[in-house]
Number of protein chains: 2
Amino acid sequence: MTSEPNLLAVIQRQLNELNKSEAKVAQAILNAPEEATRSSIASLAAAAGVSEPSVNRFCKRFGATGFPDFKLQLATSLASGVRYVSRAVEFSDDINTFPTKLFDNAINALMTAKEELPLKAIARAVDQIAQARRVYFFGLGTSAAVARDAEHKFFRFNVPVFTHEDPLMQRMLAASAGVGDLFFFISHTGRTKVLVEAAEIARQTEATIVSLTAEGSPLADQSHCCINVKIEEDTEQYLPMTSRLVQLVTLDVLAAGVTLRRGEGFTPHLARIKDSLKDTRFQTS
Amino acid sequence: MTSEPNLLAVIQRQLNELNKSEAKVAQAILNAPEEATRSSIASLAAAAGVSEPSVNRFCKRFGATGFPDFKLQLATSLASGVRYVSRAVEFSDDINTFPTKLFDNAINALMTAKEELPLKAIARAVDQIAQARRVYFFGLGTSAAVARDAEHKFFRFNVPVFTHEDPLMQRMLAASAGVGDLFFFISHTGRTKVLVEAAEIARQTEATIVSLTAEGSPLADQSHCCINVKIEEDTEQYLPMTSRLVQLVTLDVLAAGVTLRRGEGFTPHLARIKDSLKDTRFQTS
DNA sequence: CTCATTATGTAGTAAATTTACAAAAATATA
DNA sequence: TATATTTTTGTAAATTTACTACATAATGAG
């Protein structure tokens, strides 16, 4: 089954590559998706201002066998509960609308990322992490929190893991790196100067450089392995919200990959770590 | 729209009360529901061994306006039913399966949380944060990274924000709190001793205590306001993965809530913060 | 057994969808 | 710039699909 998880997102993404009348159809559907699932090809054609065959061609372009099949896929996609592609919070929103919007945006971002996971890069990064003697997670701003989260995950693999938010520490550690050291840089844009500089410094050593960042960015250029996660544009203006979620889950994937690499015999080790926390908690009554 | 959660269950339940040919139709649909959504009224009638109008009548009996409408409802019902299943990573998984599983689990966790958002608690927490003179975000382990992330978001609101991972610092800060101070505790279980103790200490002051944790937990008991997000059980044994994502998005919701509270006039302030980062990045070529 | 009621199917009709083809627009080429 | 070629779009006819009205069959009551 190759049914797309979110048909609306796919339509949204391809909006530019459509020709005039197909774009009109796309817009009509995006405007009122639920209605589209209920309307006939004639009424949708009218709503979009195009002819009926244009609607039909549109449907086939998106992998449906025809209009009814398309409606079915659309309905299925909508049923998942994520209504719209990506909706910005507005000042007119109230408590009943904006929380849902934010959750929807987060879900959409993960769905989009999931569709285009760079599996080869991930596999390679797992290899490199599994072999590393020491791993440094470096990020700044929001990505610093992501790096911190990664640290909490990866230290479980018997590999010394370090995080530093201080750019000067990052530079110095990069400079003193050697064989077996792995620097893992996290950055949404891949253009943060001090981080890129740290990567440049590390690059001059024997260390391996992996980055979770935008393809083609200065940071990616410095990396032996770049994991480029498809980032749905953050629609909100001032807070990076969705990109870090994708980063976190991607790091989960890497952690799981390393665990699988270690094999079943590694489970007791993880269990011991888990047990060590037992006494820090109040028991469930 | 009062669409039933599971149309198949409804059909199953009414099976006895149907007359002969309607029962045949019901059986045909129950045997192959997915296929039914794709077939025409003629082929379904053939499959059931009845006439086309019988199928049509069957559809109307179950609240649909006709056969196409029924198919739509059926498809919707099938889609939403399959959604909420999270699957654990197994040692037999390979690179093509486990990344998808992890993303699916993350998506499911967010969808589940979205269904049962504690809007009143969220609204209250927004109120309290918006009025606070000082906000402390405290978490330990994975939640420390979440707290760090929150710090990065909330400092934008002109309110002094602090995070400390050190339990001793947390205790001391809690002890010296006063009116206008808000302690925001983040904990998946709500049972981490040192965190609960810090909350108890803070509780003896004039400070406000908000927590993002499990309902009914010791930590929740200490809080003036507890935001209980529905946590899909982490199926993986050793790494808390999905719960922190829900926490992060919930904090995004709170941040957005505070922004909306501040009103449109606040936008320039946020823009200034954003601009301040401009020179830290390499320009896009 | 007959009548009334309900259930089911037949056939025709209306609607919706698709196909084939032609006109129009856009693009490339001379 | 004019012409040829390709792509896009619409028209109209063909086909498939769904629905309605009505007739027949089955069921049950008196």
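Position numbers for residues start from 1 in each chain and track the written sequence from start to end. Each chain takes a letter, starting from A, and each ligand takes a number, starting from 1, following the order in which they are written. Only residues with pLDDT of at least 70 are given local features in this predicted model, and only at 80 or more are side-chain atom pairs given and counted; all residues enter the totals for whole chains, interfaces and linings. Hydrogen atoms and water are omitted, and side-chain values are computed over all heavy atoms in the structure.

Caption draft 1: Expanded view of the pairing of strand β3 (residues 181–186) of chain B. All names here are of chain B. Per-residue accessibility, obtained with a 1.4 Å probe over protein chains only, is compared with the maximum for each type, and a residue is labelled buried under 20%, exposed over 50%, and partly exposed between these values. Working definition: helices are DSSP H or I runs of at least four residues, strands are E runs of at least two. Numbering for both runs from the N terminus. Of all 6 residues that make up β3, 6 are buried, and the element is covered over most of its length. Pairing between strands is defined by DSSP: at least two bridges between them are needed. Strand direction decides the pairing type here: strand β1 (residues 134–139) and β3, joined by 6 bridges, are parallel. Paired with G139 across the bridge in β3 is I186. Sheet topology note: the β3/strand β4 (residues 208–212) ladder contains 5 bridges and is parallel. Note on β4: the bridge partner recorded for F183 is I209. If the strands point away from the viewer and the path from the first strand over the helix to the second runs clockwise, then the crossover is right-handed. One crossover worth recording links β3 to the parallel β4 by way of helix α11 (residues 193–203), and it is right-handed.

Caption draft 2: The interface of chain A and chain B, seen in detail. Taken together, the contact pairs 78 residues of chain A with 77 residues of chain B. Once two parts are brought into contact, the accessible area they lose, counted with a 1.4 Å probe and summed over both, makes up the buried area. Interface area for chain A against chain B, summed over the two sides, is near 7100 Å², with a carbon-plus-sulfur share of 72%. Every case where a carboxyl oxygen of Asp or Glu lies within 4 Å of a side-chain nitrogen of Lys or Arg is listed as a salt bridge. For K114 of chain A, the salt bridge goes to D104 of chain B, with nearest N and O atoms at 2.7 Å. Residues adjacent in sequence count toward polar contacts only when both atoms are side-chain atoms; beyond that, a polar contact is any pair of N or O atoms within 3.5 Å, and within protein one must be able to donate a hydrogen and the other to accept it. The tally of links from chain A across to chain B stands at 10 residue pairs in polar contact (both at pLDDT 80 or more). For the side of chain A that touches chain B, the secondary structure elements donating two or more residues are α3 (33–38), α6 (67–79), α7 (98–115), α8 (119–131), α9 (142–154), α11 (193–203), α13 (242–262) and α14 (267–275) of chain A. At 13 residues, the largest contribution of residues to the side of chain A that touches chain B is made by α13 of chain A. Throughout, a residue-residue contact means that at least one pair of heavy atoms, one from each residue, lies within 4.5 Å.

Caption draft 3: Highlighting the protein's contact with DNA strand C. Close contacts around DNA strand C come from 19 residues, with I41, N56 and K60 of chain A together with N19 and S21 of chain B the closest. Working definition: residue near molecule or strand if any one of its non-hydrogen atoms lies within 4 Å of it. The sugar-phosphate portion of DNA strand C accounts for 67% of its atoms within 4 Å of the protein, the bases making up the rest. K20 of chain A places a side-chain nitrogen or oxygen 3.0 Å from a phosphate oxygen of DNA strand C. Within the backbone of S51 of chain B, an N or O atom sits 3.2 Å from a phosphate oxygen of DNA strand C. When residues of the surface near DNA strand C are traced back to their parent elements, those giving at least two are α5 (52–61) and α6 of chain A together with α2 (20–31) and α5 (52–61) of chain B. The element best represented in the surface near DNA strand C is α5 of chain A, accounting for 4 residues. Amino acids outside the nonpolar list (Ala, Val, Leu, Ile, Met, Phe, Trp, Tyr, Cys, Pro) and the charged list (Asp, Glu, Lys, Arg) are all regarded as polar, and Gly is one of them. Split into classes, the residues belonging to the surface near DNA strand C amount to 6 nonpolar, 7 polar and 6 charged.

Caption draft 4: Seen up close, the protein's contact with DNA strand D. Neighbouring DNA strand D are 19 residues, the closest being N19 and S21 of chain A together with I41, N56 and K60 of chain B. Take the atoms of DNA strand D that sit within 4 Å of the protein: sugar and phosphate atoms are 67% of them. Between R57 of chain A and DNA strand D, the recorded distance is 3.1 Å, taken from a side-chain N or O atom to a base nitrogen. Elements represented by at least two residues in the surface near DNA strand D include exactly α2 (20–31) and α5 of chain A together with α5 and α6 (67–83) of chain B. Of all the elements, α5 of chain B adds the most residues to the surface near DNA strand D, at 4 residues. Each residue belonging to the surface near DNA strand D can be placed in one class, and the counts come to 6 nonpolar, 7 polar and 6 charged.

Caption draft 5: Region of interest: the packing of α9 of chain A against helix α9 (residues 142–154) of chain B. In the contact formed by α9 of chain A and α9 of chain B, the axes pass within 8 Å of each other and the chain directions differ by 180 degrees. Relative to α9 of chain B, the element α9 of chain A is oriented roughly antiparallel. Of the residues in α9 of chain B, those in contact with T142, A145, R148, D149 and H152 of chain A of α9 of chain A are T142, A145, R148, D149 and H152 of chain B. Across the contact of α9 of chain A with α9 of chain B, the residue classes break down as 2 nonpolar, 4 polar and 4 charged. Each axis is a line fitted through C-alpha atoms, taken for helices only over the stretch in contact, and angles between the N-to-C directions span 0 to 180 degrees. In these notes the angle categories are as follows: under 35 degrees is roughly parallel, over 145 is roughly antiparallel, 65 to 115 is roughly perpendicular, and the rest is oblique.

Caption draft 6: Geometry of the confidence of the model for chain A. Across chain A, the average pLDDT comes to 87, with 92% of residues at or above 70. Confidence scores per residue from the predictor, reported as pLDDT, run from 0 to 100. α14 of chain A is the least confidently modelled element of chain A, averaging 74 in pLDDT, while strand β4 (residues 208–212) of chain A averages 97, the highest of any element.

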